[in-house]
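Results of the structural survey
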Amino acid sequence: MISIKDLTKVFPSNKESLTAVDHLNLDIAKGEIFGVIGYSGAGKSTFIRLLNRLENPTSGSIEIEDKDITSLSKKELRTTRQEIGMIFQHFNLLWSRTVRDNIGFPLEIAGVPSQERKQRVDELIRLVGLTGRENAYPSQLSGGQKQRVGIARALANNPKVLLCDEATSALDPETTDSILQLLVDINEKLGLTIILITHEMHVIRKICHRVAVMEKGQIVEQGDVLDIFLHPQQTVTKRFVEQVMSDNSQSESLNWLHEHYDVNKIIRLKFVGETANHALISQVAKRFDVEINILHGKVTQTQKGAYGTLYVHLEGPDHDVQQALEFIRSTSVEVEVGIHV
Ligand SMILES: Nc1ncnc2c1ncn2[C@@H]1O[C@H](COP(=O)(O)OP(=O)(O)OP(=O)(O)O)[C@@H](O)[C@H]1O
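Only a predicted model underlies this, so the values are computations on that prediction, with no experimental measurement involved.

Observations regarding the sheet that holds strand β10 (residues 218-224)
Sheet architecture is open: 6 strands sit in the order β6-β7-β8-β3-β9-β10, paired in mixed fashion. Of all the strands in the sheet, just β6 (84-88) and β10 have a single pairing partner and so form its edges. Across the sheet, the axes of successive neighbouring strands diverge by a mean angle of 15 degrees, strand direction being ignored. Two elements, strand β9 (residues 210-215) and β10, share 6 bridges in a ladder whose sense is antiparallel.

So this is what it looks like as C-alpha coordinates:
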(Lines give C-alpha, C1' and ligand atoms only; values in the text may rest on other atoms or scores of the structure.)
Protein backbone atom coordinates (compact mmCIF):
# COMPACT_ATOMS: atom_id res chain seq x y z
CA MET A 1 0.00 0.00 0.00
CA ILE A 2 2.84 2.38 0.89
CA SER A 3 6.06 2.05 -1.03
CA ILE A 4 9.01 4.26 -0.15
CA LYS A 5 12.03 4.25 -2.42
CA ASP A 6 15.41 5.87 -1.82
CA LEU A 7 13.84 8.59 0.28
CA THR A 8 16.39 11.22 1.25
CA LYS A 9 16.13 14.50 3.13
CA VAL A 10 19.14 16.76 3.42
CA PHE A 11 18.92 19.93 5.52
CA PRO A 12 21.35 22.40 4.00
CA SER A 13 23.40 24.55 6.31
CA ASN A 14 26.22 27.07 5.99
CA LYS A 15 28.81 24.76 7.50
CA GLU A 16 27.90 21.15 6.79
CA SER A 17 24.60 19.91 5.40
CA LEU A 18 22.78 17.28 7.45
CA THR A 19 21.25 14.13 5.99
CA ALA A 20 18.28 13.40 8.28
CA VAL A 21 16.81 10.63 6.09
CA ASP A 22 19.28 8.70 3.99
CA HIS A 23 18.16 6.56 1.01
CA LEU A 24 15.40 4.93 3.00
CA ASN A 25 13.45 2.03 1.45
CA LEU A 26 10.32 0.58 3.03
CA ASP A 27 7.07 -1.15 2.10
CA ILE A 28 4.05 -1.07 4.38
CA ALA A 29 0.99 -3.25 3.77
CA LYS A 30 -2.64 -2.12 3.96
CA GLY A 31 -4.13 -2.57 7.44
CA GLU A 32 -0.77 -2.92 9.18
CA ILE A 33 0.28 -1.23 12.39
CA PHE A 34 3.85 -0.42 11.50
CA GLY A 35 6.28 1.01 14.05
CA VAL A 36 9.48 2.94 13.42
CA ILE A 37 11.76 3.09 16.44
CA GLY A 38 14.99 4.98 16.91
CA TYR A 39 16.87 7.13 19.38
CA SER A 40 16.67 10.90 19.36
CA GLY A 41 18.16 12.32 16.17
CA ALA A 42 17.72 9.09 14.17
CA GLY A 43 15.46 10.93 11.71
CA LYS A 44 12.05 9.55 12.73
CA SER A 45 10.20 12.88 12.87
CA THR A 46 11.66 13.97 9.56
CA PHE A 47 10.64 10.64 8.05
CA ILE A 48 7.03 10.85 9.24
CA ARG A 49 6.77 14.51 8.17
CA LEU A 50 7.93 13.48 4.69
CA LEU A 51 5.06 10.99 4.52
CA ASN A 52 2.47 13.77 4.49
CA ARG A 53 4.73 16.31 2.84
CA LEU A 54 5.06 18.55 5.87
CA GLU A 55 8.66 18.28 4.65
CA ASN A 56 9.65 18.05 1.01
CA PRO A 57 12.09 15.27 0.16
CA THR A 58 15.46 16.02 -1.39
CA SER A 59 15.08 12.88 -3.52
CA GLY A 60 13.27 9.56 -3.66
CA SER A 61 9.60 8.66 -3.89
CA ILE A 62 6.65 7.83 -1.62
CA GLU A 63 3.72 6.00 -3.19
CA ILE A 64 0.48 5.68 -1.23
CA GLU A 65 -1.91 3.37 -3.05
CA ASP A 66 -0.01 3.91 -6.31
CA LYS A 67 -0.09 7.71 -6.04
CA ASP A 68 3.37 9.28 -5.84
CA ILE A 69 2.86 11.97 -3.23
CA THR A 70 6.29 13.48 -3.86
CA SER A 71 5.23 14.77 -7.27
CA LEU A 72 1.87 16.35 -6.43
CA SER A 73 0.98 19.96 -7.15
CA LYS A 74 -0.04 22.17 -4.22
CA LYS A 75 -3.71 21.74 -5.07
CA GLU A 76 -3.44 17.95 -5.39
CA LEU A 77 -1.51 17.87 -2.15
CA ARG A 78 -4.35 19.62 -0.27
CA THR A 79 -6.84 16.88 -1.18
CA THR A 80 -4.32 14.06 -0.74
CA ARG A 81 -3.51 15.30 2.78
CA GLN A 82 -7.12 14.52 3.70
CA GLU A 83 -6.25 10.88 3.07
CA ILE A 84 -3.40 11.02 5.58
CA GLY A 85 -4.38 11.70 9.20
CA MET A 86 -1.78 12.61 11.79
CA ILE A 87 -1.62 12.78 15.58
CA PHE A 88 1.08 14.49 17.59
CA GLN A 89 2.89 14.17 20.91
CA HIS A 90 1.49 17.49 22.15
CA PHE A 91 -1.92 17.03 20.53
CA ASN A 92 -1.86 20.33 18.51
CA LEU A 93 -5.48 21.18 19.34
CA LEU A 94 -7.14 24.54 18.81
CA TRP A 95 -7.42 25.87 22.36
CA SER A 96 -10.28 28.31 21.72
CA ARG A 97 -12.49 25.61 20.18
CA THR A 98 -14.53 22.94 21.93
CA VAL A 99 -14.01 19.22 21.47
CA ARG A 100 -16.81 19.17 18.91
CA ASP A 101 -15.37 22.10 16.96
CA ASN A 102 -11.83 20.72 17.02
CA ILE A 103 -13.03 17.44 15.55
CA GLY A 104 -15.23 19.24 13.00
CA PHE A 105 -12.42 21.55 11.87
CA PRO A 106 -10.95 19.37 9.08
CA LEU A 107 -14.50 18.73 7.84
CA GLU A 108 -15.12 22.49 7.65
CA ILE A 109 -11.93 22.88 5.63
CA ALA A 110 -13.00 20.05 3.32
CA GLY A 111 -16.32 21.89 2.78
CA VAL A 112 -18.59 19.26 4.33
CA PRO A 113 -22.13 20.69 4.85
CA SER A 114 -23.03 21.42 8.47
CA GLN A 115 -25.70 18.71 8.98
CA GLU A 116 -23.43 16.01 7.61
CA ARG A 117 -20.57 17.44 9.65
CA LYS A 118 -22.58 17.21 12.85
CA GLN A 119 -23.45 13.58 12.18
CA ARG A 120 -19.84 12.66 11.43
CA VAL A 121 -18.57 14.46 14.54
CA ASP A 122 -21.12 12.58 16.70
CA GLU A 123 -19.92 9.29 15.21
CA LEU A 124 -16.27 10.16 15.88
CA ILE A 125 -17.01 11.24 19.45
CA ARG A 126 -18.56 7.85 20.11
CA LEU A 127 -15.71 6.03 18.35
CA VAL A 128 -13.02 7.59 20.55
CA GLY A 129 -15.03 7.44 23.78
CA LEU A 130 -15.60 11.15 24.40
CA THR A 131 -19.37 11.09 24.80
CA GLY A 132 -20.35 13.74 27.37
CA ARG A 133 -17.25 15.90 26.75
CA GLU A 134 -18.41 17.41 23.43
CA ASN A 135 -18.58 20.97 24.72
CA ALA A 136 -15.43 20.98 26.84
CA TYR A 137 -12.40 23.06 25.85
CA PRO A 138 -8.99 21.38 25.55
CA SER A 139 -7.80 23.05 28.79
CA GLN A 140 -10.57 21.17 30.63
CA LEU A 141 -9.45 17.76 29.36
CA SER A 142 -6.92 15.21 30.65
CA GLY A 143 -3.95 14.30 28.44
CA GLY A 144 -5.62 11.07 27.33
CA GLN A 145 -8.85 12.90 26.43
CA LYS A 146 -6.86 15.49 24.44
CA GLN A 147 -5.23 12.71 22.45
CA ARG A 148 -8.67 11.17 21.85
CA VAL A 149 -9.73 14.50 20.32
CA GLY A 150 -6.54 14.41 18.22
CA ILE A 151 -7.38 10.91 17.01
CA ALA A 152 -11.02 11.81 16.19
CA ARG A 153 -9.86 14.90 14.29
CA ALA A 154 -7.29 12.85 12.36
CA LEU A 155 -9.98 10.33 11.38
CA ALA A 156 -12.59 12.93 10.39
CA ASN A 157 -12.01 12.70 6.63
CA ASN A 158 -11.74 8.88 6.56
CA PRO A 159 -8.01 8.78 5.88
CA LYS A 160 -6.27 5.78 4.32
CA VAL A 161 -3.42 6.02 6.75
CA LEU A 162 -2.91 7.41 10.24
CA LEU A 163 0.53 8.75 11.18
CA CYS A 164 1.36 8.88 14.88
CA ASP A 165 4.28 11.05 15.96
CA GLU A 166 5.28 9.94 19.50
CA ALA A 167 1.55 10.01 20.27
CA THR A 168 1.83 8.62 23.79
CA SER A 169 5.17 10.09 24.90
CA ALA A 170 3.51 12.86 26.92
CA LEU A 171 1.10 10.48 28.70
CA ASP A 172 1.37 8.44 31.91
CA PRO A 173 1.66 4.64 31.54
CA GLU A 174 -2.01 3.90 32.20
CA THR A 175 -3.28 6.55 29.78
CA THR A 176 -0.68 5.36 27.26
CA ASP A 177 -2.19 1.88 27.45
CA SER A 178 -5.72 3.16 26.89
CA ILE A 179 -4.67 5.25 23.86
CA LEU A 180 -2.69 2.32 22.41
CA GLN A 181 -5.74 0.11 22.89
CA LEU A 182 -7.88 2.70 21.09
CA LEU A 183 -5.44 2.63 18.15
CA VAL A 184 -5.65 -1.18 18.02
CA ASP A 185 -9.49 -1.00 18.12
CA ILE A 186 -9.54 1.54 15.29
CA ASN A 187 -7.11 -0.54 13.25
CA GLU A 188 -9.30 -3.61 13.65
CA LYS A 189 -12.66 -1.85 13.21
CA LEU A 190 -11.74 0.33 10.24
CA GLY A 191 -8.87 -1.70 8.75
CA LEU A 192 -6.88 1.52 8.92
CA THR A 193 -3.13 1.43 8.21
CA ILE A 194 -1.23 3.00 11.11
CA ILE A 195 2.39 4.15 11.04
CA LEU A 196 3.84 5.25 14.33
CA ILE A 197 7.20 6.55 15.38
CA THR A 198 8.46 6.13 18.91
CA HIS A 199 11.58 5.75 21.02
CA GLU A 200 9.79 3.35 23.39
CA MET A 201 9.99 -0.37 22.66
CA HIS A 202 6.99 -1.18 24.85
CA VAL A 203 4.80 0.81 22.42
CA ILE A 204 6.10 -1.39 19.59
CA ARG A 205 5.55 -4.53 21.66
CA LYS A 206 2.00 -3.66 22.61
CA ILE A 207 0.50 -2.71 19.29
CA CYS A 208 2.73 -3.10 16.23
CA HIS A 209 2.67 -5.94 13.74
CA ARG A 210 5.98 -5.02 12.13
CA VAL A 211 8.79 -2.71 13.13
CA ALA A 212 11.70 -0.93 11.51
CA VAL A 213 14.70 0.30 13.50
CA MET A 214 16.12 3.60 12.38
CA GLU A 215 19.64 4.89 12.92
CA LYS A 216 21.39 7.83 11.25
CA GLY A 217 18.54 8.30 8.79
CA GLN A 218 18.56 4.68 7.63
CA ILE A 219 16.58 1.58 8.42
CA VAL A 220 19.10 -0.82 9.89
CA GLU A 221 16.72 -3.68 10.70
CA GLN A 222 13.07 -4.53 10.11
CA GLY A 223 10.71 -7.46 10.52
CA ASP A 224 7.77 -8.96 12.38
CA VAL A 225 7.70 -7.71 15.95
CA LEU A 226 7.99 -11.19 17.42
CA ASP A 227 11.02 -12.04 15.23
CA ILE A 228 12.75 -8.81 16.13
CA PHE A 229 12.19 -9.44 19.84
CA LEU A 230 13.47 -13.00 19.56
CA HIS A 231 16.39 -12.43 17.21
CA PRO A 232 17.55 -8.82 17.24
CA GLN A 233 20.60 -8.52 14.98
CA GLN A 234 21.91 -4.97 15.30
CA THR A 235 23.37 -3.51 18.50
CA VAL A 236 20.80 -0.71 18.48
CA THR A 237 17.96 -3.23 18.16
CA LYS A 238 19.35 -5.34 21.00
CA ARG A 239 19.37 -2.24 23.21
CA PHE A 240 15.74 -1.51 22.39
CA VAL A 241 14.70 -5.12 23.05
CA GLU A 242 16.45 -4.95 26.41
CA GLN A 243 14.29 -1.94 27.32
CA VAL A 244 11.36 -4.33 27.47
CA MET A 245 13.02 -7.58 28.44
CA SER A 246 15.30 -6.54 31.24
CA ASP A 247 13.98 -5.28 34.50
CA ASN A 248 15.67 -4.88 37.84
CA SER A 249 14.15 -8.02 39.27
CA GLN A 250 15.52 -10.01 36.32
CA SER A 251 19.10 -8.80 36.66
CA GLU A 252 18.94 -9.28 40.45
CA SER A 253 17.69 -12.83 39.92
CA LEU A 254 20.42 -13.57 37.39
CA ASN A 255 23.09 -12.28 39.77
CA TRP A 256 21.67 -14.49 42.47
CA LEU A 257 21.65 -17.51 40.15
CA HIS A 258 25.26 -16.84 39.25
CA GLU A 259 26.28 -16.88 42.88
CA HIS A 260 24.32 -19.98 43.84
CA TYR A 261 24.57 -22.36 40.89
CA ASP A 262 27.23 -23.82 38.67
CA VAL A 263 26.87 -21.45 35.72
CA ASN A 264 27.47 -24.24 33.21
CA LYS A 265 24.35 -26.00 34.42
CA ILE A 266 22.07 -23.03 34.02
CA ILE A 267 20.20 -23.21 30.76
CA ARG A 268 18.35 -20.37 29.08
CA LEU A 269 15.38 -21.48 27.00
CA LYS A 270 13.77 -19.10 24.55
CA PHE A 271 10.34 -20.12 23.41
CA VAL A 272 7.37 -18.79 21.48
CA GLY A 273 3.88 -19.50 22.78
CA GLU A 274 3.03 -19.91 26.45
CA THR A 275 2.21 -23.57 26.48
CA ALA A 276 5.36 -24.84 24.76
CA ASN A 277 7.56 -24.58 27.82
CA HIS A 278 5.14 -26.26 30.25
CA ALA A 279 4.85 -29.35 28.08
CA LEU A 280 8.57 -29.36 27.42
CA ILE A 281 9.65 -29.26 31.06
CA SER A 282 7.43 -32.15 32.08
CA GLN A 283 8.52 -34.19 29.06
CA VAL A 284 12.20 -33.68 29.85
CA ALA A 285 11.63 -34.67 33.48
CA LYS A 286 9.79 -37.84 32.43
CA ARG A 287 12.14 -38.96 29.65
CA PHE A 288 15.55 -38.36 31.15
CA ASP A 289 17.23 -39.03 34.43
CA VAL A 290 17.66 -35.35 35.24
CA GLU A 291 16.26 -32.98 37.79
CA ILE A 292 15.01 -29.82 36.24
CA ASN A 293 14.42 -26.73 38.37
CA ILE A 294 12.77 -23.64 37.02
CA LEU A 295 14.81 -20.72 38.32
CA HIS A 296 13.42 -17.66 36.62
CA GLY A 297 11.12 -16.86 33.75
CA LYS A 298 9.36 -14.10 31.91
CA VAL A 299 6.65 -14.22 29.26
CA THR A 300 5.99 -11.14 27.13
CA GLN A 301 2.92 -10.56 25.00
CA THR A 302 3.09 -8.89 21.58
CA GLN A 303 0.40 -8.29 18.96
CA LYS A 304 1.79 -11.34 17.17
CA GLY A 305 1.72 -13.72 20.16
CA ALA A 306 3.73 -14.43 23.28
CA TYR A 307 7.39 -15.22 23.67
CA GLY A 308 9.44 -15.90 26.71
CA THR A 309 12.67 -16.81 28.38
CA LEU A 310 12.99 -19.46 31.04
CA TYR A 311 16.07 -20.15 33.13
CA VAL A 312 16.34 -23.72 34.35
CA HIS A 313 18.95 -25.73 36.21
CA LEU A 314 19.65 -29.27 35.04
CA GLU A 315 21.19 -31.71 37.49
CA GLY A 316 22.03 -35.32 36.69
CA PRO A 317 24.65 -37.61 35.10
CA ASP A 318 26.45 -35.80 32.26
CA HIS A 319 25.22 -38.23 29.65
CA ASP A 320 21.57 -37.67 30.63
CA VAL A 321 21.97 -33.91 30.78
CA GLN A 322 23.45 -33.95 27.26
CA GLN A 323 20.61 -36.12 25.97
CA ALA A 324 18.03 -33.87 27.60
CA LEU A 325 19.65 -30.84 25.94
CA GLU A 326 19.65 -32.56 22.57
CA PHE A 327 15.98 -33.35 23.00
CA ILE A 328 15.15 -29.71 23.86
CA ARG A 329 17.18 -28.53 20.86
CA SER A 330 15.13 -30.80 18.61
CA THR A 331 11.99 -28.80 19.49
CA SER A 332 11.47 -25.19 18.38
CA VAL A 333 12.83 -24.00 21.72
CA GLU A 334 16.24 -22.32 21.59
CA VAL A 335 18.82 -23.46 24.12
CA GLU A 336 21.75 -21.54 25.55
CA VAL A 337 23.97 -23.22 28.12
CA GLY A 338 25.89 -21.28 30.75
CA ILE A 339 24.37 -17.86 31.03
CA HIS A 340 26.61 -14.86 31.53
CA VAL A 341 25.21 -11.89 33.34
N1 LIG B 1 14.28 21.72 10.03
C2 LIG B 1 15.50 21.21 10.27
N3 LIG B 1 16.63 21.88 9.92
C4 LIG B 1 17.85 21.36 10.13
N5 LIG B 1 18.07 20.17 10.72
C6 LIG B 1 17.00 19.45 11.11
C7 LIG B 1 15.66 19.93 10.90
N8 LIG B 1 14.80 18.99 11.40
C9 LIG B 1 15.57 17.99 11.87
N10 LIG B 1 16.88 18.26 11.71
C11 LIG B 1 18.00 17.38 12.08
O12 LIG B 1 17.80 16.12 11.49
C13 LIG B 1 18.22 15.07 12.35
C14 LIG B 1 17.07 14.12 12.58
O15 LIG B 1 16.08 14.80 13.35
P16 LIG B 1 14.64 14.18 13.67
O17 LIG B 1 13.90 15.19 14.51
O18 LIG B 1 14.02 13.72 12.42
O19 LIG B 1 15.05 12.92 14.57
P20 LIG B 1 14.17 12.08 15.57
O21 LIG B 1 14.62 10.67 15.43
O22 LIG B 1 12.74 12.38 15.35
O23 LIG B 1 14.62 12.63 16.97
P24 LIG B 1 13.69 13.33 18.10
O25 LIG B 1 12.88 12.24 18.67
O26 LIG B 1 14.71 13.90 19.04
O27 LIG B 1 12.91 14.38 17.36
C28 LIG B 1 18.70 15.75 13.63
O29 LIG B 1 20.11 15.85 13.59
C30 LIG B 1 18.07 17.12 13.57
O31 LIG B 1 18.84 18.08 14.24
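Quick word on the sheet that holds strand β5 (residues 67-68)
Taking strand neighbours across the sheet as the criterion, the 4 strands line up as β2-β1-β4-β5 in an open arrangement whose pairing is antiparallel. Strand pairing shows two members of the sheet lacking a second neighbour, β2 (18-28) and β5, which therefore form its edges. Where strand β1 (residues 2-11) meets β2, 7 bridges bridge the pair, whose relative direction is antiparallel. Bridging from a neighbouring strand, V10 pairs with T19 of β2.

What to know about the confidence of the model for the protein
With 94% of its residues at a pLDDT of 70 or more, the protein has an overall mean of 90. Here the complex is predicted with pTM 0.83, and the ipTM for its interfaces comes to 0.96.

Brief notes about the nonpolar core
Counting 52 residues, the largest nonpolar core has I151, L183 and M201 as its most contacted members. Here this core takes 6 residues from helix α6 (residues 173-190), the largest share from any one element. Beyond its immediate chain neighbours, meaning those up to four positions away, L183 contacts I87, I151, L162, C164, I194 and I207. Counting residues in hydrophobic clusters, the runner-up holds 27 residues, among them A42, I84, A212 and M214.

Points about the site of the ligand
Around the ligand, a shell composed of F11, L18, A20, Y39, S40, G41, A42, G43, K44, S45 and T46 is seen. Interatomic distance of 3.0 Å between a backbone N/O atom of A42 and an oxygen atom of the ligand. Burial of the ligand by the surrounding chains reaches 58%, relative to a free accessible area of 630 Å². Elements with a contribution of two residues or more to the shell around the ligand: β2 and α1 (44-51). Of the residues forming the shell around the ligand, the biggest block, 3 residues, is contributed by α1. A class-by-class count of the residues in the shell around the ligand yields 5 nonpolar, 5 polar and 1 charged.

Thresholds, definitions, all that
Along each chain, residues carry numbers from 1 onward, in the same order as the chain's sequence is written. Only residues with pLDDT of at least 70 are given local features in this predicted model, and only at 80 or more are side-chain atom pairs given and counted; all residues enter the totals for whole chains, interfaces and linings. To obtain the side-chain values, all non-hydrogen atoms of the structure were used and water was disregarded. A pair of strands counts as paired when DSSP detects no fewer than two bridges linking them. Segments assigned H or I by DSSP are reported as helices when at least four residues long, segments assigned E as strands when at least two residues long, and all are numbered from the N terminus. Think of each axis as a best-fit line through the C-alpha atoms, taken over the contacting stretch in the case of a helix, with angles from 0 to 180 degrees between the N-to-C directions. Confidence scores per residue from the predictor, reported as pLDDT, run from 0 to 100. In plain words, nonpolar cores are sets of buried Ala, Val, Leu, Ile, Met, Phe, Trp, Tyr and Cys residues tied together by side-chain atoms within 4.5 Å. Summary of the burial criterion: residues with accessible area below 20% of their type's maximum are buried, those above 50% are exposed, and those between are partly exposed, where the area comes from a 1.4 Å probe applied to protein chains only. Should any heavy atoms of two residues lie within 4.5 Å, those residues are counted as being in contact. Residues are classed as near a molecule or strand on a simple rule: at least one heavy atom within 4 Å of it. N or O atoms within 3.5 Å of each other form a polar contact, as long as, within protein, one can give a hydrogen and the other can take it, and as long as residues adjacent in sequence are counted only when both atoms are side-chain atoms. Under the convention used here, a 1.4 Å probe and the Shrake-Rupley method define accessible areas, while residue burial counts only the protein chains that appear. Any residue that is not Ala, Val, Leu, Ile, Met, Phe, Trp, Tyr, Cys, Pro, Asp, Glu, Lys or Arg is counted as polar, Gly included; the first ten are nonpolar and the last four charged.

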